Amino acid sequence: MAAMLVVGASAAHAQKDETVKIAWIDPLSGLMAPIGQNQLKSFQYSAERANKGNPAGVKFEIVPFDNKLSPAESLNVLKAAIDQGVRYILQGAGSGAALALSDAVAKHNERNPGKEVVYINYAAVDPDLTNSKCSYWHFRLDADTSMKMEALTTFMKDQKDIQKVYLLNQNYAHGHQVARYAKENLQRKRPDIQIVGEDLHPLAQVRDFAPYVAKIRASGADTVVTGNWGSDLSLLVKAADAAGLNVKFYTYYGAAPGTPTTLGPGAAGKVYQVGYATDSATGDQRKIMDEFQARFKEDWTTRASEHAIGLLSNAMAKAKSTDPVKVAAAMEGLKFKSFNGEVEMRKSDHQLQQPVYIAVWQKADAKNNYSAENTGHNFALVKAYDPYVASTPTSCQMKRP
């Protein structure tokens, strides 16, 4: 198993056969429910795979909680999970909820020695989480907003057809950060590019993006940069297609559940995505993709599920324990083999260091034959960047227990 490289195979497994409960806290209702449901299946599937054999010899059980995409509700279900004796939590859909959880977990651990909780963040990408608001108990598996924008703009600077850019993002921490880093990076790498418009819209509330599409057209933009995800990206692309808007979209989450179906053949060559995986995967990663799609009739998009289980199982093997205090210490600086090569949980800020890729939506061909959401199209690899290219410095001053 790609994410289960044994660390110290000869080590005694003091925790062997223990069941480790992990609370999954993300939306299972509302407009973003399809995203959450797919993410939950991904973690349940990776746990099932790991339970057939992993370095620590433990069994993982994913316990789902619906946070309704709300920071306040996230805190309510966190308490419920802790009351049930869960010591590890997973969350990723939305940096607002992530910031609330990170703070709450840190406060809980300070007040309740011996009952510590570890927070594994698999997709909330606000850079503050591993910078000014970093926490010893928080570990992030996705590349953050600044890392992705570093890679994306490194690619964009060589695309001579990009002259005028429109920034359209969700009105919360992540969206603000995407706009900020896009402007800063493009100014540094391609100062000739004009930012011809910028908009922020409510998260998961807009049902008709036609007015925004009209503004993009009026601006004369040839390119849109967006960190939108879920319905906010699907409906945006759908509205652009309906209006015949001929621009390229540079996205963070083009492959998220539901979006590939919305893209269709008309978006081929027009939609790019930056991320830690593509549909061009081979070997064990492709095998998982195919098995997941065959079983659930959906795509395996939250591949950080393998990062999470790989990180925890290797750290538990190293610590010879499932105690969150010992496991957290073991995760710091840990290197392990995952689906996209060797990755490292950077000790200074608990930000996973990993390769980052640029992919383009295209018709499936002999070289890239995966069919995303059975559309006959996929996000094919265009450019791969080693971890150091997208890695960004941290201002984290970690307070360790």
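Residues numbered from 1 in each chain as written. Predicted model: local features only at pLDDT ≥ 70, side-chain atom pairs only at ≥ 80, totals over all residues. Heavy atoms only, no water.

Participant: Provide a residue-level description of the overall build of the protein, including the pertinent values.
Facilitator: A count of helices and strands for the protein gives 12 helices and 15 strands. Relative to its length of 401 residues, the protein is compact, with a C-alpha radius of gyration of 20 Å against a globular reference of 21 Å. Here the protein, with 401 residues, has 59% of them falling under the buried criterion. Partitioning the intrachain contacts of the protein with sequence separation of at least 6 by distance along the chain shows that 73% fall at a separation of at least 24. For the protein, the exposed area adds up to about 15,200 Å²; of that, 50% sits on carbon and sulfur atoms. Positive and negative side-chain charges of the protein, numbering 46 and 41 respectively, have mean locations separated by a distance of 2 Å. (Helix = DSSP H or I, 4+ residues; strand = E, 2+ residues; numbered from the N terminus. Rg over C-alpha atoms; globule rule 2.2 N^0.38 Å. Buried < 20%, exposed > 50% of the residue type's maximum accessible area, 1.4 Å probe, protein only. Contact = heavy atoms within 4.5 Å. Areas by Shrake-Rupley, 256 points an atom, 1.4 Å probe, with all protein chains shown as cover. Lys, Arg positive; Asp, Glu negative; His and termini not counted. Charge placed at Lys NZ, Arg CZ, Asp CG, Glu CD.)

Participant: Give me the lowdown on the sheet that holds strand β5 (residues 138–140), citing residues and values where you can.
Facilitator: Judged by pairing direction, the sheet is parallel, and its 5 strands sit side by side in the order β2-β1-β3-β4-β5 without closing on themselves. Strand pairing shows two members of the sheet lacking a second neighbour, β2 (59–66) and β5, which therefore form its edges. Ignoring which end each strand starts from, the neighbouring axes of this sheet average 25° apart. In the packing of helix α3 (residues 95–111) onto the sheet, contacts are made with β1 (19–26), β3 (88–91), β4 (118–121) and β5, and the angle to β3 comes to roughly 165°. Sheet contacts for helix α10 (residues 304–319): β1, β2, β3 and β4; angle to β2, the most-contacted strand, approximately 135°. (Pairing = 2+ DSSP bridges. Axes fitted to C-alpha atoms, helices over the stretch in contact; angles between N-to-C directions.)

Participant: Run through the pairing of strand β11 (residues 335–338), naming residues and quoting values.
Facilitator: Here β11 shows one buried face, formed by Phe336 and Ser338, and one open face, formed by Lys335 and Lys337. Pairing geometry for β11 and strand β12 (residues 341–345), over 4 bridges, is antiparallel. Residue pairing for β12: Lys337 is matched across the bridge by Glu342. Between β11 and the antiparallel strand that follows it, β12, lie 2 residues.

Participant: So what's going on with the state of the cysteines? Residues and values would help.
Facilitator: Going through the model one piece at a time under the given rule, you end up with 1 disulfide. Through a disulfide, Cys134 is tied to Cys396; the S-S separation comes to 2.1 Å. On the S-S bond that ties Cys134 to Cys396, the torsion sits near 85°, and the link is right-handed. Linking Cys134 in the loop between β4 and β5 with Cys396 in the segment after α12 (387–390), this pair joins segments that are 262 residues apart in sequence. For Cys134, a relative accessible area of 17% corresponds to the buried category. (Disulfide = S-S within 2.5 Å.)

Participant: Explain the pairing of strand β9 (residues 248–251) residue by residue, including any values.
Facilitator: Pairing between strand β8 (residues 223–226) and β9: 4 bridges, direction parallel. The residue bridging Thr223 from the neighbouring strand is Lys248, located in β9. One crossover worth recording links β8 to the parallel β9 by way of helix α7 (residues 231–242), and it is right-handed. Strand direction decides the pairing type here: β9 and strand β10 (residues 271–275), joined by 3 bridges, are parallel. The residue of β10 that forms the bridge with Thr251 is Gln273. (Right-handed = clockwise from strand over helix to strand, strands pointing away.)

Participant: Give me the nonpolar core: which residues, what numbers.
Facilitator: In this structure, Phe60 and Ile120 are the most contacted members of the largest nonpolar core, which totals 93 residues. Tallying contributions element by element places α10 first for this core, with 8 residues. When residues no more than four places from it in sequence are discounted, the contact partners of Ile120 are Ile89, Leu90, Gln91, Phe139, Leu141, Ala308, Leu311, Leu312 and Met331. In terms of nonpolar packing, the next biggest core, distinct from the first, is built from 37 residues, Met147, Ala179, Ala204 and Val225 among them. (Core = buried A, V, L, I, M, F, W, Y, C linked by side-chain atoms within 4.5 Å.)

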